[in-house]
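# Understanding the architecture of this molecule
Each chain, letter by letter, is given below.
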Amino acid sequence: MAAAEEQQQGFHPLDEASLVAYIKATPALAARLGGRLDALTIKEVGDGNLNFVYIVLSEAGSVVVKQALPYVRCVGDSWPMTRERAYFEASALQKHRSLCPDHVPEVYHFDRAMSLIGMRYIEPPHIILRKGLIAGVEYPLLAEHMADYMAKTLFFTSLLNNNTTDHKKGVAQYCDNVEMCRLTEQVVFSDPYMLAKYNRCTSPFLDNDAAAVREDAELKLEIAELKSMFIERAQALLHGDFHTGSIMVTADSTQVIDPEFAFYGPMGFDIGAFLGNLILAYFSQDGHADQANDRKREEGARQTIC
Ligand code: ADP
Ligand code: MG
């Protein structure tokens, strides 16, 4: 979309200076900073793949501001992508928080024209779960917290809980997130099983394994079945991108962020993404072992689990 056309629709990409002006003009955000807007500390957290995320701190409070631009950040404007994903992210955060407030951050402000979400700053020592797992940290409450999150968000947005009228309204609302769903169809259910532009594996070491996947007709048939379930089965309001990069943790807190791929799909897609990521983390531990931590569970703990 041409820049002039976007301006007309009330959109402009923020930088640190214009973000301050935006916050000053937005009472819902200013209030979270205790009105102390003259000495804000702003940090753009560059580890996101798609969007811009600003951490804003004042002497009296904090807020995170996330803005979607009309393209994929890590690729650039050669890969356009709808800004409406911010609307689905904000809607899913609000819905899932209403069902599971312990594990979903509060949305303070949403501006659809600006594709902008103001939400709780999930403060340190929270870190992204993937980083914690790579560092060898154990999270004893993670399983219980995420079981609680999945049970509540998936059960209560399904027909196990809702009547057909409400369910179909929800399905219709999230049908419009089709561009994000198409991306998942491509990068999860199609590209890995053929030669494709954005595929990457550790070459040449894994070349033979990647070729074996491409030549496995039985596997591809199974994947085709799963892909059709992903597209057809409007079972519950999914997070849609529920990997360990979408979870922030401490030893006793677990917060789920970033549901911009939210849509009504099969529950197994969220559950499988989470479990699959844990399995990947498990098998990568040997490769991270060092003198300080051999990544082997202590004998006593292993016995408790068995
Ligand atoms: P993207 O959709 O672009 O992948 P994310 O929502 O995953 O963006 O956010 C990118 C990074 O910003 C996260 O990995 C995390 O480090 C940080 N972040 C995002 N939301 C919050 C939040 N509410 N509080 C603290 N940090 C956050
Ligand atoms: Mg994201």
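Here, every reference points to the structure presented above.
Residues numbered from 1 in each chain as written. Chains lettered and ligands numbered in written order. Predicted model: local features only at pLDDT ≥ 70, side-chain atom pairs only at ≥ 80, totals over all residues. Heavy atoms only, no water.

To continue, consider the overall build of the chain. Counting its regular elements, the chain contains 12 helices and 12 strands. The C-alpha radius of gyration computed for the chain amounts to 21 Å, which stays within 12% of the reference 19 Å derived for 306 residues, consistent with globular compactness. With the C-alpha coordinates of the chain rotated into their principal frame, the extents come out at 55 × 45 × 45 Å. A separation threshold of at least 6 residues defines the contact pool for the chain, and within that pool the share at least 24 residues apart is 67%. (Helix = DSSP H or I, 4+ residues; strand = E, 2+ residues; numbered from the N terminus. Rg over C-alpha atoms; globule rule 2.2 N^0.38 Å. Contact = heavy atoms within 4.5 Å.)

With that settled, the discussion passes to the coordination of the magnesium ion (ligand 2). Tetrahedral coordination by four donors puts the ideal angle at the metal at 109.5 degrees, and octahedral coordination by six puts it at 90 or 180 degrees. Those protein atoms acting as donors to the magnesium ion (ligand 2) are D258 (OD), D258 (OD) and E260 (OE), and they sit at 2.1 to 2.6 Å. E260 matches D258 in its accessibility class, with the two residues each being buried. (Donors = N, O, S within 2.8 Å, 3.2 Å for Na, K, Ca; no water. Buried < 20%, exposed > 50% of the residue type's maximum accessible area, 1.4 Å probe, protein only.)

Counting 43 residues, the largest nonpolar core has L129, M146, Y149, Y174, F242 and F274 as its most contacted members. Ignoring anything within four residues of it in the chain, the contact list for F274 reads L129, L142, M146, M150, F242 and I247. One finds L29, A30, I42 and L69 within the second-largest nonpolar core, a separate group that totals 20 residues. (Core = buried A, V, L, I, M, F, W, Y, C linked by side-chain atoms within 4.5 Å.)

Here we take up the pattern of salt bridges. Scanning all chains against the criterion turns up 11 salt bridges. For K66, the salt bridge is made with D258, and the minimal N-O distance between the two is 2.7 Å. With K66 in strand β3 (residues 62-67) and D258 in the loop between β11 (254-256) and β12 (263-265), this residue pair connects regions lying 192 residues apart in the sequence. Using a relative accessible area of 16% as the deciding quantity, one classes D258 as buried. What you see here is one network of salt bridges that share partners, running through K66, E89 and D258. (Salt bridge = Lys/Arg side-chain N within 4 Å of Asp/Glu carboxyl O.)

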